[in-house]
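Okay, here's what each chain looks like letter by letter:
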Amino acid sequence: MKKITAAGFNPARQKVITFEKINPGKVNRALSLEEFPSGKGINFCRAAGCYGKADTFLIQFCGGDNGLYVNEQLKKEDINFYSVQTEAPTRCCNTCISLASNEVTELIEPSYSATAKEVEEYIFRYTESLKNSSAAVFCGTLPTGTDNTLYAKLAKSTAEAELPLLVDAWRDVDDIFSSGAEIVLKINREELSALTEKESVIEGLQYLKSRWGICKAAITDGPDKAYAFDGNTIMEYTLPRLEKVVNPIGCGDTASAVLLSETVNGNDLFSAFRCALGAASANCLTSLCGSFLPQDAETLSAKILMTAI
């Protein structure tokens, strides 16, 4: 099976807290609490495991009691990983779900910078993992204050290994785009607008090509229309509406995991993204971030309409 090296920079101890109704400014007593490791890298690897078409190896920064919790739980999930132990603690994130309004509020603790020594170890582990990988992925932003040349160094290693690189990030990405690596950009519509300063998705995708030479991109927008670009054609995707959403957190990571799993196995970008969107929708049906039933993903994927524009 093909292997993907996943650079997951910001793991978290995730708590999903469900309320009958959330009343701002009042005492709110929860109905239930679920706890598990999360963060974009972890969600990516968990989703790839659900899909079962590619193995993953996760490299992450981890520290403190929350870091120990994350490491122990990942072992129980059989997710292959290496944690660079940090002086700074790993963050905790809280997903608050209101059943009455069907609203989800995410509360994210701050992340702290990795030291120069920790960054050096991270680069070494990442580069070593590339030696027996078929692709790599950057999952999200760096911990606050971390030397942002880390992106450039990892991208350069990926280019030297001649591997495709899926980028799920939009801040400080110039060095990634100029690294020479074969880039597939997977971000959401709001991030595309912030990156390109274009309100129109079509203009934003065209700008990616003219400014940075990015010819492969996949853009999500929650339950609304999604888009993929192969350098020539823009494909628009209309998603089926879900009757009930349990937890939408991790949908973008799920889409990234399935998209790269499909492309690394030879599927074309447009068909791969349709599979990815079906899986992302299926992720909404579970409380565990980056988790879905393959049969749900397949059913939802078949309902997605594709239109070249």
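Residues numbered from 1 in each chain as written. Predicted model: local features only at pLDDT ≥ 70, side-chain atom pairs only at ≥ 80, totals over all residues. Heavy atoms only, no water.

Q: Help me out: how do you make sense of the overall build of the protein in this one?
A: The secondary structure content of the protein amounts to 10 helices and 14 strands. In terms of overall size, the protein behaves like a compact globule, its C-alpha atoms giving a radius of gyration of 19 Å where 309 residues would be expected to give roughly 19 Å. In terms of its C-alpha atoms, the protein occupies a principal-axis envelope of roughly 50 × 50 × 40 Å. Here the protein, with 309 residues, has 52% of them falling under the buried criterion. Carbon and sulfur atoms provide 48% of the accessible area of the protein, an area that totals close to 14000 Å². Within the protein, the 39 negative side-chain charges are centred at a point lying 2 Å from the centre of the 30 positive side-chain charges. (Helix = DSSP H or I, 4+ residues; strand = E, 2+ residues; numbered from the N terminus. Rg over C-alpha atoms; globule rule 2.2 N^0.38 Å. Buried < 20%, exposed > 50% of the residue type's maximum accessible area, 1.4 Å probe, protein only. Areas by Shrake-Rupley, 256 points an atom, 1.4 Å probe, with all protein chains shown as cover. Lys, Arg positive; Asp, Glu negative; His and termini not counted. Charge placed at Lys NZ, Arg CZ, Asp CG, Glu CD.)

Q: What exactly am I supposed to notice about helix H6 (residues 189-196) here?
A: Every α-helix winds through 3.6 residues per turn, so residues three or four apart in the chain are directed the same way. Taken together, the buried positions of H6 are Leu-192, Ser-193, Leu-195 and Thr-196. An end-on view of H6 places all buried positions within 165 degrees of arc, on one side of the element. Looking at the packing, one finds that the buried side of H6 touches helix H5 (174-177), strand E10 (182-188), helix H7 (201-212) and strand E11 (217-220). Sitting at the amino-terminal end of H6 is Asn-188, which places a side-chain oxygen 3.1 Å from the backbone nitrogen of Glu-190. With its phi angle positive at about 60 degrees, Glu-197 sits one or two positions after the end of H6. (Arc of directions from axis to C-beta. Contact = heavy atoms within 4.5 Å. Polar contact = N/O pair within 3.5 Å; in protein donor to acceptor, adjacent residues only side chain to side chain.)

Q: Is there a simple way to think about the packing of helix H8 (residues 251-264) against helix H9 (residues 269-283) in this case?
A: A pair of packed helices is characterised by two quantities: the angle between their axes and the separation of those axes. Closest axis-to-axis distance for the H8/H9 pair is 8 Å, and the angle between their directions is 145 degrees. Seen from above, H8 lies across H9 with right-handed handedness. Taken together, the residues of H9 that come into contact with H8 (itself represented by Cys-251, Thr-254, Ala-255, Val-258, Leu-259, Glu-262 and Thr-263) are Leu-269, Ala-272, Phe-273, Cys-275, Ala-276, Ala-279, Ala-280 and Asn-283. A class-by-class count of the residues in the contact of H8 with H9 yields 11 nonpolar, 3 polar and 1 charged. (Axes fitted to C-alpha atoms, helices over the stretch in contact; angles between N-to-C directions. Left-handed = near helix turned anticlockwise from the far one by under 90°. Nonpolar A, V, L, I, M, F, W, Y, C, P; charged D, E, K, R; others polar.)

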